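Commentary on secondary and tertiary structure
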Amino acid sequence: TATALLLLLITPAAARACTCSQASPGKCPGLQTGDVVFLGTVTSSDDVSSATASEASAQDATPITRYRFRVDERFAGAGAPEIDIFSGGDDGDCGYRFKTGAQYVVFTHQGTDGRLFATICSGTRPASEARALLPQLRAMRKGQHVASVFGVLRRADPPFLSLPDDPDDPLPDISLKLRSRYDRFETSTDNHGVYSFYDVHAGEYRFTANLPVRMQLTQKTLGGGLPPFKIPDGACYEYNVDALPTGRISGSVRGPNGKPLALASV
């Protein structure tokens, strides 16, 4: 199913009160019969809670929003030019909030009533955040070779220091290495920071990069460098990494009179 594919492709994230499951990399299932995966643009949205909830349960029902998408590119599923995707209901805490006019890669799961739902745990994301994923989905659709490990390398600010809505910058032309006890693989990022490793055998690997000085390869959720990870043969593992600055600035903040301030926000 699409959900099984996403557990292999996507590093899940948590938001609001929703907790997304964590899954180790597994063998890539590709796109399966019954999956509905597409690149599309939101053309309209409306609240359908009142139409789906009984009068007795309407007050307690989690809001359900229906989003109408124009399908720009289809990877799996029927070929209609437009499709309705729902969010909320039983998945209310994990519901994805799409914006009208924006383009997304959408992974769906089917509700008990046959409607297609999208959540923040499914790998659905803005198209701008799918530069590494889209080539792999196209390869799966065409039955072509899929990368074993792929993702984006970005320069990021340390947690709690980044500005709200300040996007991370991709790092182009960075040499990357993937090493296990027996195998060595090497590639580099493209102009968008995207990289791909192909034909990686099963094993435990360390991921390294030839970064500029005073930068550390890690992920924002980690307290230090990248730990090794294991993959099986035939994986299709999305592994996005960050390069955080390690430089330090120290000193004092002085007031108008030239004297150090006892308390100041920097």
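Refer to the structure printed above.
Residues numbered from 1 in each chain as written. Predicted model: local features only at pLDDT ≥ 70, side-chain atom pairs only at ≥ 80, totals over all residues. Heavy atoms only, no water.

1. Overview of the side chain of Arg74
Residue placement: Arg74 occurs in strand β2 (residues 64-76). For the buried Arg74, which has no salt bridge, the nearest side chain bearing the opposite charge is Asp72, at an N-O separation of 10.0 Å. There is a polar contact of 2.4 Å between the side chain of Arg74 and the backbone oxygen of Ala78. (Helix = DSSP H or I, 4+ residues; strand = E, 2+ residues; numbered from the N terminus. Buried < 20%, exposed > 50% of the residue type's maximum accessible area, 1.4 Å probe, protein only. Lys, Arg positive; Asp, Glu negative; His and termini not counted. Salt bridge = Lys/Arg side-chain N within 4 Å of Asp/Glu carboxyl O. Polar contact = N/O pair within 3.5 Å; in protein donor to acceptor, adjacent residues only side chain to side chain.)

2. Concerning the packing of aromatic side chains
Given two aromatic rings, their pairing is described by the distance between the two centres and the angle made by the two planes. Evaluated as defined, the whole model comprises 15 aromatic pairs. Where Tyr96 meets Tyr104, the ring centres are 5.7 Å apart and the plane angle is 85°; that geometry is what we call edge-to-face. Note on accessibility: Tyr96 and Tyr104 belong to one class, buried. Among the aromatic residues, those joined into a ring-pair cluster are Phe38, Tyr67, Phe69, Tyr96, Phe98 and Tyr104. One Lys or Arg, Arg115, reaches over the ring of Phe86 and ends 4.7 Å from the middle of that ring. (Phe/Tyr/Trp six-rings, centres within 6.5 Å; stacked < 30°, edge-to-face > 60°. Lys NZ or Arg CZ within 6 Å of the ring centre and 35° of its normal.)

3. Some remarks on the sheet that holds strand β11 (residues 184-188)
Strand order in the open sheet formed by four strands is β11-β10-β13-β15, and the pairing between neighbours is antiparallel. Bordering the open sheet on either side are β11 and β15 (229-231), each of which pairs with just one other strand. Each strand of the sheet is rotated relative to its neighbour by a mean of 30°, with strand direction disregarded. (Pairing = 2+ DSSP bridges. Axes fitted to C-alpha atoms, helices over the stretch in contact; angles between N-to-C directions.)

4. Some details on the pairing of strand β4 (residues 103-107)
Along a regular strand, successive side chains alternate from one face of the sheet to the other. Taken across its five residues, β4 has four buried, putting it largely inside the fold. Sheet topology note: the strand β1 (residues 37-47)/β4 ladder contains five bridges and is antiparallel. Residue pairing across strands places Val37 opposite Phe107, the latter belonging to β4. Relative to strand β7 (residues 125-126), β4 runs antiparallel, the two being bridged by two bridges. Each residue of the ladder has a partner; that of Tyr104, found in β7, is Pro126.

5. Here we look at the state of the cysteines
Note on terminology: disulfide describes a covalent bond linking the sulfur atoms of two cysteines. Inspection of the entire model under this criterion finds two disulfides. Here Cys28 connects covalently by a disulfide to Cys236, the sulfurs 2.2 Å from one another. Here the disulfide of Cys28 and Cys236 is right-handed, its torsion about the S-S bond being about 85°. Pair noted here: Cys28 is in the loop between α1 (2-9) and β1 and Cys236 is in the loop between β15 and β16 (237-238), with a separation of 208 residues, a long-range link. We classify Cys236 as buried; its relative accessible area is 1%. (Disulfide = S-S within 2.5 Å.)

6. Topic: the pairing of strand β17 (residues 241-245)
By the criterion of burial, β17 is predominantly enclosed, with four of the five residues buried. Where strand β8 (residues 149-155) lies against β17, three bridges are found, and the strand directions are parallel. Paired with Arg155 across the two strands is Ala243, which belongs to β17. Sheet topology note: the strand β14 (residues 215-218)/β17 ladder contains four bridges and is antiparallel. Among the inter-strand pairings, Leu217 is bridged to a residue of β17, identified as Ala243.

7. Looking at the pattern of salt bridges
For the structure shown, the criterion picks out eight salt bridges. As a salt-bridge pair, Glu238 and Arg125 come within 3.0 Å of each other at their nearest N and O atoms. Here Arg125 lies in strand β7 and Glu238 lies in strand β16, a separation of 113 residues in the sequence. The exposure class of Glu238 is buried, given its relative accessible area of 3%. In this structure, a network of salt bridges that share partners links the residues Arg68, Glu82 and Asp84.

8. Side note on unusual backbone geometry
Positive phi, normally seen in glycine, also occurs at Asp199, with a value near 55°. Along the chain, Asp199 falls in the loop between β12 (194-197) and β13 (203-209). We classify Asp199 as partly exposed; its relative accessible area is 45%. Positive phi, close to 60°, is recorded for Arg214, a residue that is not glycine. Judged by relative accessible area, which is 60%, Arg214 ranks as exposed.

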